[in-house]
Amino acid sequence: MENRFKSNIGSGKVSLGCIITLSDLCVSELAGDCGMDFCWIDAEHAPHTIEGVHHHLIALRGTGCAGLVRVRANDPMLIKPYLDLAPDGVIIPMVNSAEEAARAVAACRYPLTGIRGCGVRRAVRYGAENFFDYVKRSEKDPMVIIQIEHMDAVRNLDEILEVPGIGSICIGPCDLSGSMGILNQMGDEKLNEVLDEVAAKVKAKGMLLGTAAGDFPRWKKRGVDWFAGISDWGAMAAGIRAFKKDCENA
C-alpha cells in the first residue's frame, strides 16, 4: 500500500502529520486511522527507545500513514539502526553545512553511493522481497530529510541545496529563532523574513518543503508540502482543557 504522504507528492496537496512522543503505539495507529498523512516519530526530544520506534512503525503499516523518524543527531552510527526499521523517511536535525548534508545522505545510502551498513530484515519484508529489488529501491528510500534550524545553515543554504540525494528540507523555526537570540518568538519580523527566504530558496530549487510548527496559513503561502502541526500530547492536553472548561461553564 502506497501511503498518503508519497501519494501527495507532486499533487499540490499538503500532507498533514502528527508528532509522536508517547510510547503507546495506539497513538500512531489512531493518527493513521484518523487520516493523518504521516507521523513524525520523534526520537530526538521524546523518550522513545528504538524498540518503541519499531512498534510505532509497525502500528502505522496498513493505515496509509507514512512513518518519518527524527533521529538524535547527524551520526551514521545513530542513524543506521533506525534505517533498518524501514521508515518512510529519516529526519536529521541541525544540518548546518553542505558537508554535513552530504554526510547525512551518505549515512542513509548503501555503497558505493553512501556508507550505510547492510543488515536488512524488515526492509525486505523478512525475505518476501527480492534483495536486489530492495537495493534498487533503497537508492531513494527512505527519504532523507534534513533540518535547517540554525543561522549557520541559513548562511550555507545555497550550497546545502546543491547536495545530491536530499529528499526534503524541513525548517525548524524554534531552534532557528534561538540561534537568532529570539527563542520561540514566532511573530518576530526578522525571524519570519528568514523563514520566507529559506522557503523561497527551497521551492525555487524544486525541493519538498516541510516544517513542524507555526501558523499553517502562513506556511501554506510559503509553499509548504508537509506540515506536522499537532502532537499526541498537545491534542490530549487541548482536549482535556476543553472538556474541563465546558464542564465548568455548564
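Above this text sits the structure in question.
Now for a quick tour of the structure.

Quick notes on the rules
Residues numbered from 1 in each chain as written. Predicted model: local features only at pLDDT ≥ 70, side-chain atom pairs only at ≥ 80, totals over all residues. Heavy atoms only, no water. Core = buried A, V, L, I, M, F, W, Y, C linked by side-chain atoms within 4.5 Å. Buried < 20%, exposed > 50% of the residue type's maximum accessible area, 1.4 Å probe, protein only. Helix = DSSP H or I, 4+ residues; strand = E, 2+ residues; numbered from the N terminus. Contact = heavy atoms within 4.5 Å. Pairing = 2+ DSSP bridges. Axes fitted to C-alpha atoms, helices over the stretch in contact; angles between N-to-C directions. Salt bridge = Lys/Arg side-chain N within 4 Å of Asp/Glu carboxyl O. Right-handed = clockwise from strand over helix to strand, strands pointing away. Disulfide = S-S within 2.5 Å. Polar contact = N/O pair within 3.5 Å; in protein donor to acceptor, adjacent residues only side chain to side chain. Parallel < 35°, antiparallel > 145°, perpendicular 65-115°, else oblique. Left-handed = near helix turned anticlockwise from the far one by under 90°.

## What about the nonpolar core?
Thought 1: Within the largest apolar cluster, 54 residues are counted, with the highest numbers of intra-cluster contacts made by I92, I146 and I166.
Thought 2: With six residues, the top contributor of residues to this core is helix α10 (residues 189–204).
Thought 3: Ignoring sequence-local partners within four residues, the contact set of I146 consists of I92, V95, A101, A104, I160, I166, S168, I169 and C170.
Thought 4: Ranked by size, the runner-up nonpolar core spans 13 residues in total, among them F5, W40, M143 and L208.

## Observations concerning the sheet that holds strand β3 (residues 66–70)
Thought 1: Reading around the circumference, β1-β2-β3-β4-β5-β6-β7-β8 is the order of the eight strands in this closed barrel, with parallel pairing throughout. Between one strand and the next, the sheet's axes are offset by a mean angle of 25°, whatever the strand orientation.
Thought 2: Bridge count for β3 against strand β4 (residues 89–92) is three bridges, and the pairing is parallel. Of the residues in β4, the one forming a bridge with R70 is I91.

## Side note on the pattern of salt bridges
Thought 1: Counted by the stated rule, this structure contains 16 salt bridges.
Thought 2: Between R155 and D152 there is a salt bridge, with its nearest N and O atoms 2.6 Å apart. Separated by three residues within a single helix, R155 and D152 lie in helix α7 (residues 151–155), roughly one turn from each other.
Thought 3: You can call R155 exposed: its relative accessible area is 56%.
Thought 4: In this structure D152 comes out as partly exposed when scored by relative accessible area, which is 31%.

## Considering the pairing of β3
Thought 1: With respect to burial, β3 is a largely interior element, five of its five residues being buried.
Thought 2: Both faces of β3 are covered, namely the face carrying A66, L68 and R70 and the face carrying G67 and V69.
Thought 3: Note on the crossover from strand β2 (residues 38–42) through helix α3 (residues 50–60) to β3: the handedness is right-handed.

## Looking at unusual backbone geometry
Thought 1: Between P111 and L112 the backbone carries a cis peptide bond, its omega angle lying at 10°.
Thought 2: Looking at where L112 falls in the secondary structure, it is placed in the loop between α5 (98–107) and α6 (131–137).
Thought 3: Of note, the bond from D141 into P142 is cis; its omega dihedral lies within 30 degrees of zero at 5°.
Thought 4: Its place among the elements puts P142 in the loop between α6 and β5 (143–148).
Thought 5: The residue Y126 is not glycine, and still its phi comes out positive at about 55°.
Thought 6: At N184, a position not held by glycine, the phi torsion is positive, near 60°.
Thought 7: With respect to the secondary-structure elements, N184 resides in the loop between α9 (173–179) and α10.

## So, the state of the cysteines
Thought 1: The full count for this structure, using the stated rule, is zero disulfides.
Thought 2: As a non-bridged cysteine, C26 has C34 as the owner of its nearest cysteine sulfur, 12 Å distant.

## What about the side chain of T63?
Thought 1: Along the chain, T63 falls in the loop between α3 and β3.
Thought 2: We classify T63 as buried; its relative accessible area is 11%.
Thought 3: There is a polar contact of 3.2 Å between the side chain of T63 and the backbone nitrogen of C65.

## Some thoughts on the environment of R109
Thought 1: Locating R109 in the fold gives a position in the loop between α5 and α6.
Thought 2: Here R109 falls in the buried class, since its relative accessible area comes to 5%.
Thought 3: When the C-alpha atoms of R109 and R61 are compared, they prove to be 23 Å apart, with 48 residues separating the residues in sequence.
Thought 4: Residues within four places of R109 in sequence aside, it is in contact with G114, I115, R116, S138, E139, K140, D141, P142 and V144.
Thought 5: A polar contact of 3.5 Å, which involves the side chain of R109, links it to the backbone oxygen of K140.

## Quick word on the packing of helix α2 (residues 26–33) against α3
Thought 1: The interhelical angle for the contact between α2 and α3, taken along N-to-C directions, is 30°, at an axis separation of 8 Å. As the angle between them shows, α2 and α3 are arranged roughly parallel. Every pair of crossing elements has a handedness; the one defined by α2 and α3 is right-handed. When α2 is examined against α3, the residues V27, S28 and E29 are found in contact with a partner set consisting of H56, A59 and L60.

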